[in-house]
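Read off the chains here:
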Amino acid sequence: MSATTSFIRALSPAATSMSQVFAALQEGVHPSEDILRDQRHYAILGTNNMSELVALIPSDYKAVLTEALHDLQNHMERLVGASNTLAKWRHCHSVGTIPAHLRSNPPVVQFTKDYKSKAEAAAHQESLRKAHTEYQIKCLEESIKAKADEVAHLEKSIEPVYLYTHMRSIVTKRSESVLTSHQIPVFRLDEEREVLDKWVPSPAALKHAANMQQDSVVYAERVISMVRAKDVIMQRKIQKKKDLAAAATASADQIMSNDPNSIKELIEKQIKASMKASGLTPSGKKQKKKGKGKAKGKQTSGKPDKKDKGGNQNQKQANAKKLAELKDGPKKKGKGKKGKGKGKGQGKGKGKKAQETPK
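Residues numbered from 1 in each chain as written. Predicted model: local features only at pLDDT ≥ 70, side-chain atom pairs only at ≥ 80, totals over all residues. Heavy atoms only, no water.

1. Considerations on the overall build of the protein
Here's step 1: Helix and strand counts for the protein come out as eleven helices and two strands.
Here's step 2: Taken from the N to the C terminus, the helices and strands of the protein come in the order α-α-α-α-α-α-α-α-β-β-α-α-α.
Here's step 3: Buried positions account for 21% of the 359 residues belonging to the protein.
Here's step 4: Restricting the contact set of the protein to residue pairs at least 6 apart, pairs at least 24 apart contribute 58%.
Here's step 5: Split by element, the accessible area of the protein, about 28,400 Å² in all, is 56% carbon and sulfur. (Helix = DSSP H or I, 4+ residues; strand = E, 2+ residues; numbered from the N terminus. Buried < 20%, exposed > 50% of the residue type's maximum accessible area, 1.4 Å probe, protein only. Contact = heavy atoms within 4.5 Å. Areas by Shrake-Rupley, 256 points an atom, 1.4 Å probe, with all protein chains shown as cover.)

2. Describing the packing of helix H5 (residues 59–95) against helix H8 (residues 160–180)
Here's step 1: Running from N to C, H5 and H8 point in directions that differ by 155 degrees, and their axes come no closer than 9 Å. Classified by the interaxial angle, the pair formed by H5 and H8 is roughly antiparallel. Remark: the crossing between H5 and H8 carries right-handed chirality. Only Leu163, Met167, Ile170, Val171, Arg174, Ser175 and Val178 of H8 make contact with H5, whose side of the interface consists of Asp60, Tyr61, Val64, Leu65, Ala68, Leu69 and Leu72.
Here's step 2: Residue composition of the contact of H5 with H8, by class: eleven nonpolar, one polar and two charged. (Axes fitted to C-alpha atoms, helices over the stretch in contact; angles between N-to-C directions. Parallel < 35°, antiparallel > 145°, perpendicular 65-115°, else oblique. Left-handed = near helix turned anticlockwise from the far one by under 90°. Nonpolar A, V, L, I, M, F, W, Y, C, P; charged D, E, K, R; others polar.)

3. Re the pairing of strand E1 (residues 183–189)
Here's step 1: Pairing of E1 with strand E2 (residues 194–201), which is carried by seven bridges, proceeds in the antiparallel orientation. Bridging across to E2, isoleucine 184 finds its partner in valine 200.
Here's step 2: Counting the residues between successive antiparallel strands, the hairpin from E1 to E2 contains four residues, one of them, glutamate 191, with a positive phi of roughly 55 degrees. (Pairing = 2+ DSSP bridges.)

4. A word on a nonpolar patch on the surface
Here's step 1: On the surface, Phe187, Leu196 and Trp199 cluster together into a nonpolar patch covering about 340 Å² of accessible area.
Here's step 2: Following the sequence through the fold, leucine 196 ends up in strand E2.
Here's step 3: According to the relative accessible area criterion, leucine 196 is partly exposed, its value standing at 40%. (Patch = residues over 30% accessible without salt bridge, like charges linked within 9 Å, V, L, I, M, F, W, Y side chains within 5 Å. Salt bridge = Lys/Arg side-chain N within 4 Å of Asp/Glu carboxyl O.)

5. Side note on helix H3 (residues 33–45)
Here's step 1: With 13 residues, H3 extends 18 Å from end C-alpha to end C-alpha; this agrees with the ideal 18 Å at 1.5 Å per step.
Here's step 2: By the burial criterion, the buried members of H3 are Gln39, His41, Ala43 and Ile44. (Expected span 1.5 Å × (residues − 1).)

6. Remarks on the packing of aromatic side chains
Here's step 1: All chains considered together, the criterion is met by one aromatic pair.
Here's step 2: For the pair phenylalanine 111 and tyrosine 115, a centre-to-centre distance of 5.4 Å together with 65 degrees between the ring planes defines the contact as edge-to-face.
Here's step 3: Given the relative accessible area of 27%, phenylalanine 111 is considered partly exposed. (Phe/Tyr/Trp six-rings, centres within 6.5 Å; stacked < 30°, edge-to-face > 60°.)

7. Some details on the pattern of salt bridges
Here's step 1: Applying the stated criterion across every chain, the model contains eight salt bridges.
Here's step 2: Its salt-bridge partner being lysine 138, residue glutamate 142 comes within 3.8 Å of it at the nearest N-O pair. Of this pair, glutamate 142 and lysine 138 both sit in helix H7 (residues 119–156), separated by four residues, roughly a single helical turn.
Here's step 3: When its relative accessible area of 38% is taken as the criterion, glutamate 142 is described as partly exposed.
Here's step 4: Taking the relative accessible area as the measure of exposure, lysine 138 reaches 47% and is therefore partly exposed.

8. As for the side chain of threonine 66
Here's step 1: Along the chain, threonine 66 turns up in helix H5.
Here's step 2: Look at threonine 66 and you get buried, because its relative accessible area is 17%.
Here's step 3: Filtering out sequence-adjacent residues up to four positions away, threonine 66 remains in contact with Val54 and Ile57.

9. Looking at the packing of H5 against H7
Here's step 1: Orientation of H5 relative to H7, taken along the N-to-C sense of each, is 150 degrees, at an axis distance of 9 Å. Viewed along their axes, H5 and H7 adopt a mutual orientation that is roughly antiparallel. Where H5 crosses over H7, the handedness of that crossing is left-handed. Contacts from His75, Arg78, Leu79, Ala82, Ser83, Thr85, Leu86, Trp89, Arg90, Cys92 and His93 in H5 reach Ile137, Leu140, Glu141, Ser143, Ile144, Lys147, Ala148, Glu150, Val151, Leu154 and Glu155 in H7.
Here's step 2: Looking at the contact of H5 with H7, its residues break down into eleven nonpolar, five polar and six charged.

10. Thoughts on the confidence of the model for the protein
Here's step 1: In the predicted model, the protein carries a mean pLDDT of 78, and the fraction of residues at 70 or more is 71%.
Here's step 2: Confidence drops under a pLDDT of 50 for residues 292–302, and excluding neighbours within four residues, the segment shows two contacts in the predicted structure.
Here's step 3: Per-residue pLDDT stays below 50 along residues 332–359; that stretch engages in 19 contacts with residues further than four places along the chain or on separate chains. (pLDDT = per-residue confidence, 0-100.)

11. Quick look at the environment of histidine 101
Here's step 1: The residue histidine 101 is located in the loop between H5 and helix H6 (113–116) in this model.
Here's step 2: A C-alpha to C-alpha distance of 10.0 Å links histidine 101 and serine 143, two positions 42 residues apart in sequence.

12. Comments concerning H8
Here's step 1: The terminal C-alpha atoms of H8 lie 30 Å apart, and with 21 residues this matches the ideal 30 Å at 1.5 Å per residue to within 8%.
Here's step 2: At arginine 174, H8 is bent by approximately 25 degrees, the largest bend along its length.
Here's step 3: When we look at burial in H8, the residues that qualify are Leu163, Met167, Ile170, Val171, Ser175, Val178 and Leu179. (Bend = angle between axes of the 7 residues up to and from the residue.)

13. Overview of the nonpolar core
Here's step 1: If you look at the biggest cluster of nonpolar residues, it comprises 41 residues, and the most contacted ones within it are Leu53, Tyr61, Leu65, Leu69 and Tyr219.
Here's step 2: Looking at which element gives the most residues to this core, the answer is H5, with eleven residues.
Here's step 3: Excluding residues that lie within four positions of it along the chain, leucine 53 makes contacts with Ile44, Thr47, Leu69, Tyr219, Arg222, Val223 and Met226. (Core = buried A, V, L, I, M, F, W, Y, C linked by side-chain atoms within 4.5 Å.)

See the structure below:
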């Protein structure tokens, strides 16, 4: 297959069918009417969306048929929605559930405190609940009948006979103006000279109008098929989501039945990891960040370190001694004993003798 043929096949479904016709014409074989009709229908059935379908409509009939096909598409979407609702309600009726539009709580009779605990009160309330359930079931059955009638009414508009009549009338009405603008002259011989006799509709335009009357119903049926195919894909997606949710629920139930504490442990582990990442303590308070860049080594100032308990004790003793001297007054001091002590800027050495203070 050449590159040109591959490009034509990828370009459009219509080009695929027309290429086969052109190949037959090049070989000198004129295709029959049935072959030409089938090729047109193959092109229509090969479209994937409304844009491709509308692109195949000849320009003379594109405006009127495009509007009709879009109306049919909207009609089909309403029909598909009604059919899905009807199927859902029938399923609810078969399994004994109530659809969303009919769900409600049963009425409750207010009893006095003394009568409320009696068995008769409970029996009355149970009878009321049963009557409410029967009412809901009856309403569901009537809803199903009403929706079924609606679906039947909408389906009448997509029957082949109705589609053919409706689409043919649109093409016929449009072809009247098309044929008027596509006239060819007819000549006659008058004294061995061709003279214009009259104007008649173009045979090609007549054939084109006849083909459009045949093809119009195929266009409509293709719209119906595309809408139904889209709905099938959507229903499959919804079913996959339901199956996934059911599988997850079953898996969780199995885990809980095997080890009820496993879920709790996983949750606690996740909470602790989140709190650690956010810098929170189990009590919910933020952790204090440790200071950075602490001075290493001994302190150079004369003040003792806060962590040095000995330094604090010596300071307390010195303060107590000074306080006692202030209370007792000045006294003579004897010679000081030699001792070892630390002074500011001094190392170890002998202490000086204390001088006597005058009286």
